[in-house]
Amino acid sequence: MPADPGRAEQVVRRCRELALVSEEEGRLTRWFGGPAMARANELVGRWMAEAGMGVRVDAAGNLVGRVPGSDPRAGTLLLGSHLDTVRDAGAFDGPLGVLAAIECVALLRARELSLPFAVDVLGFADEEGLRFGTTYLGSRAVAGTLDPAILDLADEHGVTIGEVVAAFGAGPGAASRRGERLLGYCELHIEQGPVLEGQGASVGIVTAIAGATRAEARFAGHAGHAGTVPMASRRDAACALAEFVLAVEAAGRAEPGLVATVGRLAALPGAPNVIPGSALASLDVRHADDAARDAAVDALRDRAAAIGAARGIEVTWETRLAAPAVAMDPALTRELAAAVADSGIAEVRLASGAGHDAVALSELTGVAMLFVRCAGGISHHPAESVDAADVAVALDVLDGFLRRLA
Ligand code: GLV
Ligand code: MN
Ligand code: MN
């Protein structure tokens, strides 16, 4: 029996309501440890409580809603996605997975069904990495894989991850779920690409997630007067940065399957009549093949050094994330595929070019993912949109998945 369409509409409505909770006027931006994340946790926590869950925020700032199972020895199934966003985000990347999971719990309750195992719905506090240029801070804390060295990374105001995490009380180690009996993690997410739309499918089963590296290149030259320093004697950091940005684009175009992006760049001190003395570029490189990604990153690092050497610019390089490609768990994926078949829809399988919390959780437990078609494949953009009818199908599949595991 398909979930009633009103539930899917409520999920979509709540995603849009949550999208009003932002750090920035007029656009959606929620970063790790910011006031908007705290307000988002409050709002989503209220919806969790309404669905009958016990609610807490863990030591890494993740929101956790829990329904106990009828058999205390049966362990816990993890569901969810992230509640942080990119800058000027859409409403569905992340929140759809959290709100759909809450709705599934509410649906079980409405039917007075209890599962043998406990269900935890997680709203992860950092998947996008907007604030610190690294990512999966929330899910890595849960997986118990947060490297303590990372706590010293600072945001643009000099606040470190360690300082942010300290505000949650117990230190990130306390968020780890290592050693618990876990049945797996299942994440529902918008596809963020055009495959499902192209195939006329509401949902798809994820096979694997591409690996990703994030790095930051800093170019240190010499600032000076824009009117008096001769062109031949300048050490303009922004010019080195510009060469690097085009080298990144060329690398991505040259290698099939590779995507490479400079999404954030800055030239300092940032005045029209001052030669930029320093500049920085973020780098995001992805490929389904880890060796190909590593080779591309190494080549770009060498290229940045060569650009700097030719211009008398000192280049420093910091790798902020290196996440390998991740395969989905075969057993969980089989249950998901069976739930798709139970729903009477054709099975579509696809790989994910985008990263997800499932990457981090794969080091803790088996992971599976269900994608939902999104309009035009658009994401990381305010125009992101889903059809409630597709969400209804996804709820039906997730509900079927839970009942199969039971
Ligand atoms: C997360 O959305 C990512 O893939 O960057
Ligand atoms: Mn995203
Ligand atoms: Mn996402």
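Bear in mind the structure is a predicted one, so any value in this text is a computation, not a measurement. (Residues numbered from 1 in each chain as written. Chains lettered and ligands numbered in written order. Predicted model: local features only at pLDDT ≥ 70, side-chain atom pairs only at ≥ 80, totals over all residues. Heavy atoms only, no water.)

Student: Sorry if this is basic, but what is going on with the overall build of the protein here?
Tutor: Scanning the protein from N- to C-terminus turns up eleven helices and 16 strands. Across its three principal axes, the protein shows a C-alpha extent of roughly 80 × 45 × 40 Å. Within the protein, the fraction of its 406 residues that count as buried is 54%. Here the analysis covers contacts within the protein between residues at least 6 apart in sequence; of these, 78% occur between residues at least 24 apart. (Helix = DSSP H or I, 4+ residues; strand = E, 2+ residues; numbered from the N terminus. Buried < 20%, exposed > 50% of the residue type's maximum accessible area, 1.4 Å probe, protein only. Contact = heavy atoms within 4.5 Å.)

Student: Please explain the site of ligand 1 as it appears in this structure.
Tutor: If you check the shell around ligand 1, you find Glu127, Glu128, Arg214, Arg286, Ala354, Gly355 and His380 and nothing else. Residue arginine 214 places a side-chain N or O atom 3.3 Å away from an oxygen atom belonging to ligand 1. The contact in question runs from an oxygen atom of ligand 1 to an N or O atom on the side chain of arginine 286, over 2.6 Å. Burial of ligand 1 by the surrounding chains reaches 94%, relative to a free accessible area of 190 Å². When grouped by side-chain class, the residues that make up the shell around ligand 1 number one nonpolar, two polar and four charged. (Near = heavy atom within 4 Å. Polar contact = N/O pair within 3.5 Å; in protein donor to acceptor, adjacent residues only side chain to side chain. Areas by Shrake-Rupley, 256 points an atom, 1.4 Å probe, with all protein chains shown as cover. Nonpolar A, V, L, I, M, F, W, Y, C, P; charged D, E, K, R; others polar.)

Student: Teacher, can you tell me more about the coordination of the manganese ion (ligand 3) here?
Tutor: The reference angle at a metal is 109.5 degrees if four donors form a tetrahedron and 90 or 180 degrees if six donors form an octahedron. Protein ligation of the manganese ion (ligand 3) involves His82 (NE2), Asp93 (OD) and His189 (NE2), the donor distances falling in the range 2.0 to 2.2 Å. Between the manganese ion (ligand 3) and the manganese ion (ligand 2), the interatomic distance is 3.5 Å, and aspartate 93 donates to each metal, bridging them. Of the two residues, aspartate 93 is situated in the loop between β3 (76–82) and α3 (95–110) and histidine 189 in strand β5 (residues 182–190); the sequence distance between them amounts to 96 residues. Per residue, the accessibility class of aspartate 93 equals that of histidine 189, and both read buried. (Donors = N, O, S within 2.8 Å, 3.2 Å for Na, K, Ca; no water.)

Student: When you look at the packing of α3 against helix α11 (residues 388–405) in this model, what are you seeing that I'm missing?
Tutor: Between two packed helices, the angle of one axis relative to the other and the distance separating the axes together describe the packing. Direction vectors running N to C along α3 and α11 enclose 60°, while the axes themselves pass 10 Å from each other. On the basis of the axis angle, α3 is oblique to α11. Considering the relative orientation of α3 and α11, their crossing is right-handed. When α3 is examined against α11, the residues Leu96, Ala100, Ala101, Glu103, Cys104, Leu107 and Leu108 are found in contact with a partner set consisting of Val391, Leu395, Leu398, Asp399 and Leu402. Of the residues assigned to the contact of α3 with α11, the class counts are ten nonpolar, no polar and two charged. (Axes fitted to C-alpha atoms, helices over the stretch in contact; angles between N-to-C directions. Parallel < 35°, antiparallel > 145°, perpendicular 65-115°, else oblique. Left-handed = near helix turned anticlockwise from the far one by under 90°.)

Student: Honestly, the pattern of salt bridges in this entry has me stumped. Any pointers?
Tutor: For the coordinates displayed, the defined rule picks out 24 salt bridges. Notably, a salt bridge pairs arginine 73 with aspartate 71, separated by 3.2 Å at the nearest N-O pair. In this structure, the salt-bridge partner of arginine 293 is aspartate 290, at a minimum N-O distance of 3.0 Å. Here the residue arginine 293 and the residue aspartate 290 both occupy positions in helix α8 (residues 290–311), the gap between them amounting to three residues, near one helical turn. (Salt bridge = Lys/Arg side-chain N within 4 Å of Asp/Glu carboxyl O.)

Student: For this particular structure, what's the right way to read the coordination of the manganese ion (ligand 2)?
Tutor: Looking at the manganese ion (ligand 2), the protein donor atoms are Asp93 (OD), Glu128 (OE), Glu128 (OE) and His380 (NE2), and they sit 2.0 to 2.7 Å from it. On the primary sequence, the residues serving as donors to the manganese ion (ligand 2) are separated as D-x34-E-x251-H. Residue classification places glutamate 128 among the buried residues on the basis of a relative accessible area of 7%.

Student: Any chance you could explain the packing of aromatic side chains here in plain terms?
Tutor: Aromatic ring pairs: the centre-centre distance and the angle between the two ring planes describe each pair. For the structure on display, the rule yields five aromatic pairs. Seen from their ring centres, phenylalanine 32 and phenylalanine 132 are 6.4 Å apart, and the 70° between their planes marks the pair as edge-to-face. Of this pair, phenylalanine 32 sits in the loop between α1 (5–18) and α2 (35–50) while phenylalanine 132 sits in the loop between β4 (118–124) and α4 (137–143), and the two are 100 residues apart along the sequence. For the pair phenylalanine 32 and phenylalanine 132, one class covers both residues: buried. (Phe/Tyr/Trp six-rings, centres within 6.5 Å; stacked < 30°, edge-to-face > 60°.)

Student: For this particular structure, what's the right way to read α8?
Tutor: With 22 residues, α8 extends 32 Å between its outermost C-alpha atoms, agreeing within 8% with the 32 Å of an ideal straight helix rising 1.5 Å per residue. All of the buried residues in α8 are Ala292, Arg293, Ala296, Val297, Leu300, Ala304, Ile307 and Gly308. What you see down the axis of α8 is that its buried residues fit within an arc of 140°, all on one side. Exposed residues pointing more than 90 degrees away from the buried face of α8 are listed as Ala291, Asp302, Ala309 and Ala310. In this structure, the buried side of α8 is in contact with β7 (211–220), α7 (237–254), β12 (278–287) and β13 (314–323). Glycine 312 lies just past α8 and shows a positive phi near 65°. (Expected span 1.5 Å × (residues − 1). Arc of directions from axis to C-beta.)

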